[in-house]
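# Close look at the chain arrangement
Chain by chain, the residues:
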Amino acid sequence: MSVEQLTEYLKNLRSASGEYQTKGLTLDSSGLNFTPEAIQRPCEAVTVKLARYWVDVKKKREATAVSPARYEYQYTLIDVTTHKAGPQDGRVPDTAPPGGGDCQGSVSVAYVGEDIPLRSLPYDLELINATAPVPVKVDGDGVLSAVYMSPLGVVSC
């Protein structure tokens, strides 16, 4: 199966949870989660790559009465690992997104095929006050799922 075919198959794989339009392969706070419907489950394990990046946040402009503060983001690759998902349901161990710190968050991307270039990562991230990752859009062939962990604090950035 080509990278394009595998990407399309995995993106369209529905979850066994029964929730409307849920995906069978996702990233969440526990990491890579593979829960496809039994009728669409692959016959053998699928190899998926997981790239994790630190996102260093630096304040570029202070907030004013008419505009919010502006931040600049810089990515640093933490690691790229390869994991087998399936054919059974469940979480893939050791794939949880790294937690951030003051002025540092993280982005995790599950994909197949070629590595993700830095220019494909999102540069319009929102600084949110949450400890759970939020889905983000990462451009690129083979991207299946991506999540962003916001920094714990950005006041001093």
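The notes below deal with the structure included here. (Residues numbered from 1 in each chain as written. Predicted model: local features only at pLDDT ≥ 70, side-chain atom pairs only at ≥ 80, totals over all residues. Heavy atoms only, no water.)

## As for the environment of serine 108
Convention followed: Every helix listed is a DSSP run of H or I at least four residues long, and every strand listed is a run of E at least two residues long, numbered separately from the N terminus. Between two residues, a contact is recorded if the distance between any of their heavy atoms is within 4.5 Å.
The topology assignment puts serine 108 in strand 6 (residues 104-111). As a C-alpha pair, serine 108 and isoleucine 39 span 69 residues in sequence and 28 Å in three-dimensional space. Apart from the residues lying within four places of it in its own chain, the contact partners of serine 108 are Leu27, Leu50, Ala51, Arg52, Pro97, Pro98, Ser145, Ala146 and Val147.

## Some details on the sheet that holds strand 6
Condition: For two strands to count as paired, DSSP must find a minimum of two bridges between them. Working convention: axes come from line fits to C-alpha atoms, limited for helices to the stretch in contact. Angles between N-to-C directions cover 0 to 180 degrees.
The strand order across the open sheet formed by five strands is 4-3-6-8-7, and the pairing between neighbours is antiparallel. Each having just a single partner strand, strand 4 (70-85) and strand 7 (134-135) make up the two edges of the open sheet. Note: strand 3 (residues 46-61) against strand 6, eight bridges, orientation antiparallel. Residue pairing across strands places tyrosine 53 opposite valine 107, the latter belonging to strand 6. Running over the sheet, helix 1 (residues 3-12) touches strand 3 and strand 8 (143-149) and is turned about 60 degrees from strand 8.

## Examining the nonpolar core
Side chains that are nonpolar tend, in soluble globular proteins, to be buried together. Formally: Among buried residues, those of type Ala, Val, Leu, Ile, Met, Phe, Trp, Tyr and Cys that are joined through side-chain atoms within 4.5 Å constitute a nonpolar core. We call a residue buried when its accessible area falls under 20% of the maximum for its residue type, exposed when it is over 50%, and partly exposed in between, using a 1.4 Å probe and counting protein chains only.
Within the largest apolar cluster, 17 residues are counted, with the highest numbers of intra-cluster contacts made by Val109, Ile116, Leu125 and Val138. Broken down by secondary-structure element, the contributors of at least two residues to this core are strand 3, strand 4, strand 6 and strand 8. When residues of this core are assigned to their parent elements, the largest contribution, four residues, is made by strand 3. Setting aside residues no more than four positions away along its own chain, leucine 125 makes contact with Val55, Tyr73, Tyr75, Val107, Val136 and Tyr148. Listed in part, the 16 residues of the second largest apolar core include Leu6, Leu27, Ala110 and Val112.

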